[in-house]
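A closer look at the structure
Below are the chains, spelled out letter by letter.
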Amino acid sequence: MSDKFKIGIDYGGTKIEAILINDKGEEIKRERSHYDQNYESGISTVKKFVESFKKISNKEATVGMAIPGFLSNETGLVHNANSDWLNNKFFKKDLETSLNCEIKMMNDANCFTLSEAIDGAGKDFKSVFGVIIGTGFGGGLSFKKEIIEGANQVAGDWGHQPLPYPTSEEIGTEIKCVSPTCGRPLCAEQFISGTGFANVFNNKYNTKLISPEIVELDKNKDQRADNELKLYEDRFARLISVMIGVFDPEAIILGGGMSNIDRLYNNLPKIIPKYTFSEKVRTKVLKNKHGDSSGVRGAAWLWN
Ligand SMILES: [Zn+2]
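Conventions used here
Residues numbered from 1 in each chain as written. Predicted model: local features only at pLDDT ≥ 70, side-chain atom pairs only at ≥ 80, totals over all residues. Heavy atoms only, no water. Axes fitted to C-alpha atoms, helices over the stretch in contact; angles between N-to-C directions. Helix = DSSP H or I, 4+ residues; strand = E, 2+ residues; numbered from the N terminus. Contact = heavy atoms within 4.5 Å. Nonpolar A, V, L, I, M, F, W, Y, C, P; charged D, E, K, R; others polar. Core = buried A, V, L, I, M, F, W, Y, C linked by side-chain atoms within 4.5 Å. Buried < 20%, exposed > 50% of the residue type's maximum accessible area, 1.4 Å probe, protein only. Phe/Tyr/Trp six-rings, centres within 6.5 Å; stacked < 30°, edge-to-face > 60°. Lys NZ or Arg CZ within 6 Å of the ring centre and 35° of its normal. Salt bridge = Lys/Arg side-chain N within 4 Å of Asp/Glu carboxyl O. Donors = N, O, S within 2.8 Å, 3.2 Å for Na, K, Ca; no water. Tetrahedral: all angles 85-135°; square planar, octahedral: opposite > 155°, others 65-115°. Pairing = 2+ DSSP bridges.

Brief notes about the packing of helix α6 (residues 194-205) against helix α7 (residues 211-219)
Relative to each other, α6 and α7 sit at 65 degrees, their axes nearing to 8 Å. Contact residues: G194, F197, A198 and F201 in α6; S211, I214 and L217 in α7. Considering only residue class, the contact of α6 with α7 consists of five nonpolar, two polar and no charged.

Take a look at the structure:
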């Protein structure tokens, strides 16, 4: 076999997914499995996948991994991981010892961005900003099909920045960021993440809905849902205008649960120019191509 095989692992909070692709990005095999939510179980699950995939690829396969946190280049320790048992662990080093091979590891938002930049919705663009909007709100930057990590390894990870041009209603909000390392008022994640959007809605209308239910209301012509989505789009456009002022990407690609809201792709491009300091806005706002597979595919592409 002349193909160069790549193994990608997406290490999630409750399950681990693994994929084997060839150098054209074609999927050879995919598996996923739940694991006991602790450090050792995660390592043994990854090991099981890697050993089985390496047999298929005659042992010639690289291993890349997406994690829900950050691996510090300086200390080699994981920090700010949603899966708490990864924090303050030499996760990459421990895995390399267990697997007996070198691996590459990156934050899952960066893996999403890389996957979409290489052969997803961003494949025709040089500069791509990938945005994940689910329970949290994060992102990653890619230029010429490579991830820009930045001096502090947080390039593109814009979730906990303040909401720009806040209205008096937004300034008056009681909602503070729940993240133990943030806690800022006007934190963008509290307005833009799926959880944040639902909180804003529920606070105002005394409801207990989740975001997909509010989106469904909007489809059924509920005025409250339409109003809140209009506000949501305006807030999101303000944030994007700041990113255009800094990185000026050719494409912004949305992932996560909130990326399934169809109206965003029609409405955001109309609002963004209002806040952007540019004679014209050429940046495309696109839905991801690979969906939930972007983490695992991007992990494999870390060896490119
Ligand atoms: Zn925050």
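So, next bit.
Side note on the nonpolar core
Among the nonpolar cores identified, the biggest contains 39 residues, and V131, I133, F137, W158, F236, L254 and L268 are the most heavily contacted of them. Those elements that place two or more of their residues in this core are β8 (127-133), β9 (137-143), α5 (189-192), α6, α7, α8 (223-246), β11 (251-255) and α9 (263-275). Counting residues per element, this core draws most heavily on α8, at nine residues. Residues L20, V78, F91 and L99 belong to the second largest nonpolar core, which totals 28 residues.

Here we look at the packing of aromatic side chains
If you walk through the whole model with that rule in mind, you get 13 aromatic pairs. When the ring of F197 is compared with that of Y232, the centres are 5.1 Å apart and the planes differ by 65 degrees; the resulting orientation is edge-to-face. Taken as a pair, F197 in helix α6 and Y232 in helix α8 lie far apart in primary sequence, 35 residues in all. Exposure remark for F197: the relative accessible area of 3% places this residue in the buried category. Classification of Y232 as buried rests on a relative accessible area of 0%. Members of the aromatic cluster, joined through ring pairs, are F129, F137, W158, F197, Y232 and F236. Across from the ring centre of Y205, 5.7 Å away, lies the NZ or CZ of R224, which sits over that ring.

Notes on the pattern of salt bridges
The tally for this structure, following the rule as stated, stands at 19 salt bridges. As a salt-bridge pair, R30 and E27 come within 2.8 Å of each other at their nearest N and O atoms. A salt bridge links D234 to R238; the nearest nitrogen and oxygen atoms lie 2.9 Å apart. Linking D234 with R238, this pair stays in helix α8, spanning four residues, or about one helical turn.

Points about unusual backbone geometry
We note that Q153 has phi near 60 degrees; this positive angle belongs to a residue other than glycine. Relative to the elements of secondary structure, Q153 occurs in the loop between β10 (146-148) and α4 (168-171). For Y165, which is not glycine, the phi torsion reads 45 degrees and is therefore positive. Summarising the element assignment, Y165 is placed in the loop between β10 and α4. Since its relative accessible area comes to 49%, Y165 is described here as partly exposed.

Considering the coordination of the zinc ion
Protein coordination at the zinc ion: the donors are H160 (ND1), C177 (SG), C182 (SG) and C187 (SG), at 2.0 to 2.3 Å from the metal. Metal-centred angles of 103 to 121 degrees between the four donor atoms at the zinc ion mark the site as tetrahedral. Mapping the donors of the zinc ion onto the primary sequence yields the spacing H-x16-C-x4-C-x4-C. With C177 in the loop between α4 and α5 and C187 in the loop between α4 and α5, the pair connects residues that are 10 residues apart, well separated along the chain. One exposure class covers both C177 and C187, and it is buried.

Thoughts on the pairing of β9
Judged by how many residues are buried, β9 sits mostly within the fold: six of seven residues are covered. Strand direction decides the pairing type here: β8 and β9, joined by seven bridges, are antiparallel. Residue pairing in the sheet places F129 in a bridge with L141 of β9. Hairpin connection, β8 to β9: the antiparallel pair is bridged by three residues.

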